[in-house]
Every structure is written in structure tokens, then in C-alpha cells.
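Descriptive structure summary
Here's the letter readout for the chains.
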Amino acid sequence: MSRILWSFFANQHAIITAPLLFIGGLIAIIGKYFWWPVGIHTILISFLIFVFEYPKSGKPVSSRSMTHTNHSRPYQHLIGNLLSKLGFFYANYLPRSIFYFLLSIPCLLSLSTILPGINLLITAALYLISFWRKESWIKIEHKEEMYKRITVLQAPERPPPRTLSELN
């Protein structure tokens, strides 16, 4: 039986939370709620979270899955190289969990950002679970052949040969 990789769930959840934060922040600013400056905070952290979570982690070598291929997102190597220089703060999931927990606190103050704030709390909990399971972020090496364009075949200029029974 293979091991559940909680960090994959947390990464996808954070990627989905980023647009929710952006929309909630826009609604808070446009609606001029009492805590509308929280909308500015949520718009800024939505971009930060998206950039921070876009590079997907690779599967660990000890993972017993059917396929051992690591599929990366397009152009993730550009952001991944930059973020991997953060070292412990990016590869380990405990600082990320604490960071998301602290970012979610202001989101719980405004009506339009409560749902994205709860989603950010869930993301922090998922990263905390993945820390307890001793998971860490693994950089996926860039593969050129994965991003090659597919060439479109030209349409045939002549019709295919037909038998006499097909012509009648």
C-alpha cells in the first residue's frame, strides 16, 4: 500500500485558495466593508501564495507508486530555482504552515474574506500534517523534451486509394 503524500493535497489546496483570496479581496474593496483594508492584504497575499506554491514538489524516492515520473508545471523551473535558494524555509513544511496560519488571521476579519481565510487555515493544517509525516519539498529537474511543441501534420493532398466496390 502506498503512502499518502499530504503535501500534494496542500499544494493543490493553496493553488485553489489563491484566486479565492483575490476575489474576496476585490469584493471587500468594492463593497467598502468595515474592514475593507483587509481586502488589500488578501489581494497581495493571493499573488504571493500563487508564486510560492506554483512549483510542485517531486515524489520522494521511497514512494511506492505505480509510476515514478514527476510531472512539473510549465515554467516551474524558473520560479523553483529562485525559491529553492530559501533553503530550509521553503523545503520544510513547518515554516510554511506557520506562515499560512499567520496570513489567514487578518482574512477572518472581513465578511468577504472569511471563506478564503478558512481555506488558508486548512492549507496550513495540511502542511502541518505533511511536516509530521516527515515530508519535504523536492525540486523537480527541468526536462527539455517535456516542453517541446507538438508538430501538426499536414493534411494529405491526394485521396486514399479506393477499390472498385467503394467507387460504385
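Owing to the predicted nature of the structure, the values given are computational and were not obtained by experimental measurement. By convention here, each chain's residues receive numbers from 1 onward along its written sequence. Predicted model: local features are reported for residues with pLDDT of at least 70 only, side-chain atom pairs are reported and counted for 80 or more only, and whole-chain, interface and lining totals are derived from all residues. The side-chain figures draw on all heavy atoms in the structure; neither hydrogens nor water molecules are used.

Strands are runs of DSSP state E lasting at least two residues, helices are runs of H or I lasting at least four, and both sets are numbered from the N terminus onward. Summing up its helical and strand segments, the protein has seven helices and zero strands in all. In the protein, of all internal contacts separated by at least 6 residues, the share reaching a separation of at least 24 is 76%. Pairs of residues are marked as contacts when any of their non-hydrogen atoms sit within 4.5 Å.

What pLDDT conveys is the predictor's confidence in a given residue, as a value from 0 to 100. Predicted confidence across the protein gives a mean pLDDT of 82, with 86% of residues reaching 70 or more. The lowest-confidence element of the protein is helix H3 (residues 76-83), averaging 74 in pLDDT; the highest-confidence one is helix H6 (residues 114-132), averaging 93.

We now examine the nonpolar core. In terms of nonpolar packing, the biggest core is built from 18 residues, with Leu 21, Ile 45, Ile 49, Tyr 100 and Leu 120 touching the most fellow members. Those elements that provide at least two residues to this core are helix H1 (6-31), helix H2 (37-53), helix H5 (93-107) and H6. When sequence neighbours within four positions are dropped, the list of residues in contact with Leu 21 reads Thr 42, Ile 45, Ser 46, Ile 49, Cys 107, Pro 116 and Leu 120. Take the buried Ala, Val, Leu, Ile, Met, Phe, Trp, Tyr and Cys residues and link them wherever side-chain atoms come within 4.5 Å; each set so joined is a nonpolar core. Relative accessible area decides the class of each residue, using a 1.4 Å probe on protein chains only: under 20% of the type maximum gives buried, over 50% gives exposed, and in between gives partly exposed.

On to the side chain of Thr 113. With respect to the element layout, Thr 113 can be found in the loop between H5 and H6. Owing to a relative accessible area of 0%, Thr 113 belongs among the buried residues under this scheme. There is a polar contact of 2.7 Å between the side chain of Thr 113 and the backbone oxygen of Cys 107. In contact with Thr 113, other than residues within four places in its own chain, are Gly 24, Gly 25, Val 38, Thr 42 and Cys 107. Nitrogen and oxygen atoms within 3.5 Å of one another constitute a polar contact, given that in protein one can donate a hydrogen and the other can accept it, and given that sequence-neighbouring residues count only through two side-chain atoms.

A few words on a nonpolar patch on the surface. Each patch is built from residues that are more than 30% exposed by relative accessible area and take part in no salt bridge. Like charges join if they lie within 9 Å; nonpolar side chains (Val, Leu, Ile, Met, Phe, Trp, Tyr) join within 5 Å. Only the protein chains shown count as cover for residues, and the accessible areas themselves come from Shrake-Rupley with a 1.4 Å probe. Only one rule defines a salt bridge in this text: a Lys or Arg side-chain nitrogen within 4 Å of an Asp or Glu carboxyl oxygen. Together, Ile 23, Ile 27, Tyr 33, Trp 36, Ile 40, Leu 44, Leu 108, Leu 111, Ile 114, Ile 118 and Ile 122 make up a nonpolar patch on the protein surface, roughly 950 Å² of accessible area in all. Elements supplying a minimum of two residues to the nonpolar patch: H1, H2 and H6. As for its position among the elements, Ile 114 is in helix H6.

Quick look at the packing of H1 against H6 now. Close contact between H1 and H6 brings their axes to 9 Å; oriented N to C, the two are set at 165 degrees. Between H1 and H6, the angle falls in the class roughly antiparallel. Two packed elements cross with a definite hand, and for H1 against H6 that hand is left-handed. Along the contact surface, H1 presents Trp 6, Ser 7, Phe 9, Ala 10, Asn 11, His 13, Ala 14, Thr 17, Leu 20 and Leu 21, while H6 presents Pro 116, Asn 119, Leu 120, Ile 122, Thr 123, Leu 126, Tyr 127, Ile 129 and Ser 130. For the contact of H1 with H6, the per-class residue count stands at 12 nonpolar, seven polar and no charged. Each axis is a line fitted through C-alpha atoms, taken for helices only over the stretch in contact, and angles between the N-to-C directions span 0 to 180 degrees. Oblique is the label for any angle not covered by the other classes, which are roughly parallel (under 35 degrees), roughly antiparallel (over 145) and roughly perpendicular (65 to 115). When the near helix sits turned anticlockwise from the far one by under a right angle, the crossing is termed left-handed; a clockwise turn instead gives a right-handed crossing. Asp, Glu, Lys and Arg are counted as charged, while Ala, Val, Leu, Ile, Met, Phe, Trp, Tyr, Cys and Pro are counted as nonpolar; the rest, among them Gly, fall into the polar class.

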